[in-house]
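Residue-level structural notes
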Amino acid sequence: MVARVIPVEDFDLVIFGATGDLARRKILPGLYRRFWAGQMPPGARIIGAARTDQETESFRATVREAIAEFVAAEKCDPETVAAFLDGLSYVTVDAMGTGGWQALKDRMRENVVQAFYFSVAPSLFGAIAERLKGNGIARDGARIVVEKPFGRDLDTARALNATLAAHFDETQIYRIDHYLGKETVQNLMAVRFANMLFEPLWNAQYIDHVQITVAETVGVEGRGAYYDGSGAMRDMVQNHLMQLLCLTAMEPPAHFEPNAVRDEKLKVIRALDPVDSDDIVRGQYKAGPGGASYRDDAGNPDSLTESFVAMKVHVSNWRWNGTPFYLRTGKRMKARMSEIVVQFKEPPHNIFTEAAHPRANILTIRLQPDEGIDLRMTIKEPGPGGMRLVEVPMDMSFAEALGPEAADIPDAYERLIMDVIRGNQTLFMRGDEVEAAWAWTDPIIAGWTARDDVPLPYDAGSAGPEDALILLYRDSRRWREIAG
Ligand code: NAP
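Okay, so let's go over this structure.

Attention now moves to the packing of aromatic side chains. Scanning the model with the defined rule gives 15 aromatic pairs in all. Note on Phe16 and Phe116: the rings are 6.4 Å apart at their centroids and 25 degrees apart in plane angle, and the pair reads as stacked. Separated by 100 residues along the polypeptide, Phe16 in strand 1 (residues 11-16) and Phe116 in strand 4 (residues 113-118) bring together distant segments of the chain. Classification of Phe16 by relative accessible area gives buried; the value is 3%. Residue classification places Phe116 among the buried residues on the basis of a relative accessible area of 0%. Here the aromatic rings of Tyr32 and Phe84 are separated by 5.4 Å at their centres, their planes lie at 80 degrees, and the arrangement is edge-to-face. In this pair, Tyr32 sits in helix 1 (residues 21-36) while Phe84 sits in helix 3 (residues 78-86), placing the two residues 52 residues apart along the sequence. Judged by its relative accessible area of 3%, Phe84 is buried. By the ring-pair criterion, three or more aromatic residues cluster together here, those being Phe16, Trp101, Phe116, Phe118 and Phe125. The ring centre of Phe168 lies 5.3 Å from the NZ or CZ of Lys133, which sits over that ring. Here the basic side chain of Arg282 rests over the ring of Trp448, its NZ or CZ set 4.4 Å away from the ring centre.

Written out as structure tokens, the structure is:
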């Protein structure tokens, strides 16, 4: 099978924060993988920019190491790596000062796509945006990519939007949420809107409930100071889980076009009911089989920050009235697993015996560890001896259905960066979406703060606090097992 890929124009991509962790682990190895896949045009140039004073050669050496560490060995043949590094250069730039901007301007070419990736702390976004325009570096049509966190509440998100809007038009701003770059997340839209089978059933009449889980085994991993001031609600729910919820719950857009999709997502966020405090479980891991306690990891012995949240959410509109969405995310869980589970209702009448009770169909959209889609169906167990029913998976894992080449799917970051170069904003959050998500999140966090809410302890390496199980038990439902 030969994949049809939309060609990419020549570009200058400047990565601010090129010496940082995200650039080293994700952005630069991801760009290399696209190069290896033959998706980079010959005129692609990548310019690293950061405060560290170094020459292009030493930058290339660190990128070579990052490729060796984060790209599969079979893709790292020396000629391809060398050819990729040839297209890389480095400029020392101080985001807050004047040094380096002229050198950066001199490096930019005319008549190619311009993209600027702000892989730096959000406090630098404004200064960089201002200098890009003020020094005449960013031309009309230049694109900027901004990383999370996009604000820490509605006020800061509004301020950040206003800062960027002072220099760039909304059509130039790409707010990245790497969950939207995952193959299966886009496949969710294909499954819903390219098949007749699901959409007629995609509503409260036929769907019992939806579960969205993002479970991580890692703790705060050296991001303790940032995370402790943030917590799972800000770090995961407001952005990643919210985006997954939107794509699951949204109405079909009229076109697969950036604003049409984003309009529909925004309507979902605006339809979310405020969450009752009884419908949220907040947790913090203590030492357990999965490792040390959150407080030790975060270096804050008195921390009241949550590393786990489970909640029941209602999308208050015609389609979803009566179908709850359960969201759950946590660190130091027993397995790494991200999935969206759509549980259909049971057939209204059982024509079989009590022993042969048909189960509800379950559609699972797996984001990690193995991306794929699985539909559980009930069929007759083969063989004689009467009607016995058995549940079987119809597993649409990409490798099996489309061959091993299709299983070699690009990482979310590399896909999203190529979308920036193509000028496609469909998988990026618009400013009003981000603000609406904060407007819904803020009162929840304000409630915790007002009552000095103490998160419930759970063992590192477990499935979260017991109360998270009860959240579903009391609705006669069960979470899916967290398993890798
Ligand atoms: P990091 O490792 O701390 O790197 C920060 C980068 O910013 C470094 O390259 C640093 O350059 C540069 N920098 C700092 N001050 C500067 C200045 N005044 N002028 C120019 N460059 C400056 O941070 P990171 O983990 O890569 O994160 C970058 C962004 O991505 C942040 O917004 C973060 O929230 C977001 N993010 C990161 C991750 C992740 O896994 N790391 C995940 C999601 C989102 P020098 O060291 O050369 O000074």
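Next comes the rest of the write-up.
A cis amide bond links Lys148 with the next residue in sequence, Pro149, at an omega value of 5 degrees. Within the fold, Pro149 resides in the loop between strand 5 (143-146) and helix 6 (154-165). Looking along the chain, the bond that leaves Gln368 and enters Pro369 is cis, with omega of 10 degrees. With respect to the element layout, Pro369 can be found in the loop between strand 12 (362-368) and strand 13 (372-380). Non-glycine residue Asn111 carries a positive phi angle of around 60 degrees. Tracing the chain through its elements places Asn111 in the loop between helix 4 (101-107) and strand 4. By relative accessible area, which is 77% here, Asn111 ends up exposed. Unusually for a residue other than glycine, Arg332 sits at a positive phi of about 50 degrees. Note that Arg332 resides in the loop between strand 10 (325-330) and strand 11 (337-344).

In this section: the side chain of Asp374. Here Asp374 shows up in strand 13. Of the side chains bearing the opposite charge, Arg376 lies closest to the buried Asp374, which forms no salt bridge; the N-O distance is 4.3 Å. If we skip the residues at most four places from it in the chain, Asp374 touches Ile362, Leu363, Thr364, Arg366, Pro393, Met394 and Asp395.

It is worth spelling out the site of the ligand at this point. For the ligand, the set of nearby residues contains 21 residues, the closest of which are Thr19, Asp21, Arg25, Thr52 and Val120. Within the contact set of the ligand, a nitrogen atom lies 3.0 Å away from a side-chain nitrogen or oxygen of Asp94. Notes on the ligand: free accessible area 890 Å², of which the protein chains cover 76%. Counting residues per element, the shell around the ligand draws most heavily on helix 1, which supplies three residues. Of the residues in the shell around the ligand, the class split is 10 nonpolar, five polar and six charged.

We now examine the pairing of strand 11. The buried fraction of strand 11 amounts to seven of the eight residues, a majority that puts the element mostly inside the structure. Note that strand 11 and strand 12 share six bridges and pair antiparallel. When the bridges of strand 12 are listed, Val342 appears paired with Leu363.

Conventions and cut-offs
Residues numbered from 1 in each chain as written. Predicted model: local features only at pLDDT ≥ 70, side-chain atom pairs only at ≥ 80, totals over all residues. Heavy atoms only, no water. Phe/Tyr/Trp six-rings, centres within 6.5 Å; stacked < 30°, edge-to-face > 60°. Helix = DSSP H or I, 4+ residues; strand = E, 2+ residues; numbered from the N terminus. Buried < 20%, exposed > 50% of the residue type's maximum accessible area, 1.4 Å probe, protein only. Lys NZ or Arg CZ within 6 Å of the ring centre and 35° of its normal. Lys, Arg positive; Asp, Glu negative; His and termini not counted. Salt bridge = Lys/Arg side-chain N within 4 Å of Asp/Glu carboxyl O. Contact = heavy atoms within 4.5 Å. Near = heavy atom within 4 Å. Polar contact = N/O pair within 3.5 Å; in protein donor to acceptor, adjacent residues only side chain to side chain. Areas by Shrake-Rupley, 256 points an atom, 1.4 Å probe, with all protein chains shown as cover. Nonpolar A, V, L, I, M, F, W, Y, C, P; charged D, E, K, R; others polar. Pairing = 2+ DSSP bridges.

This is a description of form; function is not addressed.
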